[in-house]
Amino acid sequence: QVQLVESGGGLVQPGGSLRLACAASGISSFLNMGWYRQTPGTQRELVAVLVSGGGSTAYADAVKGRFTISRDNAKNTVYLQMNSLKPEDTALYYCNVYGRVGWATPRNYWGQGTQVTVSS
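Below you will find a few notes about this structure. Quick caveat: nothing in here was measured; it's all calculated off a predicted structure. (Residues numbered from 1 in each chain as written. Predicted model: local features only at pLDDT ≥ 70, side-chain atom pairs only at ≥ 80, totals over all residues. Heavy atoms only, no water.)

1. Regarding the packing of aromatic side chains
Formally: Ring pairs shown here join Phe, Tyr and Trp side chains whose ring centres sit within 6.5 Å, with only the six-membered ring taken for Trp; geometry is labelled stacked below 30 degrees between planes, edge-to-face above 60, and tilted in between. The numbering of helices and of strands both runs from the N terminus, where a helix is a DSSP run of H or I of at least 4 residues and a strand a run of E of at least 2. Relative accessibility thresholds used throughout: buried, under 20% of the residue-type maximum; exposed, over 50%; partly exposed, between the two (1.4 Å probe, protein chains only). Should the NZ of a Lys or the CZ of an Arg lie within 6 Å of a ring centre and within 35 degrees of the ring normal, that charge is described as sitting over the ring.
Overall, the coordinates contain one aromatic pair when judged by the stated rule. Plain terms: the ring middles of Y36 and W110 are 5.0 Å apart, the flat faces sit at 70 degrees to each other, and that makes the pair edge-to-face. Remark: W110 occurs in strand 10 (residues 107-110) and Y36 occurs in strand 4 (residues 29-38); sequence separation between them is 74 residues. With relative accessibility at 36%, the residue W110 sits in the partly exposed group. Lying over the aromatic face of F30, R71 brings its terminal NZ or CZ to 4.8 Å of the ring centre.

This is the structure:
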């Protein structure tokens, strides 16, 4: 059974930092791991992605230079370090893994979401 368990969200003041973590289990092969976010009435948007094969990363323009995605291979955990947070970063953050279980066709798996609120 595939599980993505997120942690690290919360309330932080503008300019502060948070680190999100997503521990994945039940997935045999990881292709991409990333973070998305969503606010009420909007579509889910990509925040950052890490490609497992080559280790390359990509970020949304809005978070470049402030957020860093990383992975602990031994723990199958992906992190999102968020610095210099702004009120507009407030959203529900979702962990995403694109991978496969056994020899099944690769697909997207999602965490349950963790709330990040940036407010004074």
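2. Focus on the sheet that holds strand 7 (residues 67-72)
Note the following rule: Whether two strands pair comes down to DSSP finding at least two bridges between them. Note on definitions: angles span 0 to 180 degrees between N-to-C directions of axes, and those axes are lines fitted to C-alpha atoms, for helices only across the stretch in contact.
One open sheet accounts for four strands, arranged 1-3-8-7; its pairing is antiparallel. Two strands lie at the open edges of the sheet, namely strand 1 (3-7) and strand 7, each paired on one side alone. On average, adjacent strands in this sheet sit at an angle of 15 degrees to one another, irrespective of strand direction. Strand direction decides the pairing type here: strand 1 and strand 3 (residues 18-25), joined by five bridges, are antiparallel. Bridge pairing links S7 to A21 in strand 3.

3. Some details on the pairing of strand 11 (residues 114-118)
Because side chains alternate across strand 11, one face comprises the buried residues T114, V116 and V118, and the other comprises Q115 and T117, none of which is buried. The pairing of strand 2 (residues 10-12) with strand 11 spans three bridges and is parallel. Across the sheet, the residue bridging to G10 is V116, located in strand 11. The sheet contact formed by strand 9 (residues 91-100) and strand 11 spans three bridges and is antiparallel.

4. Regarding the side chain of R37
Heads up, the condition is: Counted as a polar contact is a pair of N or O atoms within 3.5 Å, where, for protein atoms, one must be capable of donating a hydrogen and the other of accepting one, and residues adjacent in sequence contribute only when both atoms are in side chains. Contacts were defined at the residue level, with two residues in contact if any of their heavy atoms lie within 4.5 Å.
Along the polypeptide, R37 turns up in strand 4. Of the residues examined, R37 reaches a relative accessible area of 7% and is grouped as buried. In terms of polar contacts, R37 uses its side chain to reach the side chain of E45, at 2.8 Å. Polar contacts involving the side chain of R37 include one to the side chain of Y93, which spans 2.9 Å. Other than its neighbours up to four places away in sequence, R37 contacts Q43, R44, E45, V47, A62, V63, F67, E88, D89, A91, L92 and Y93.

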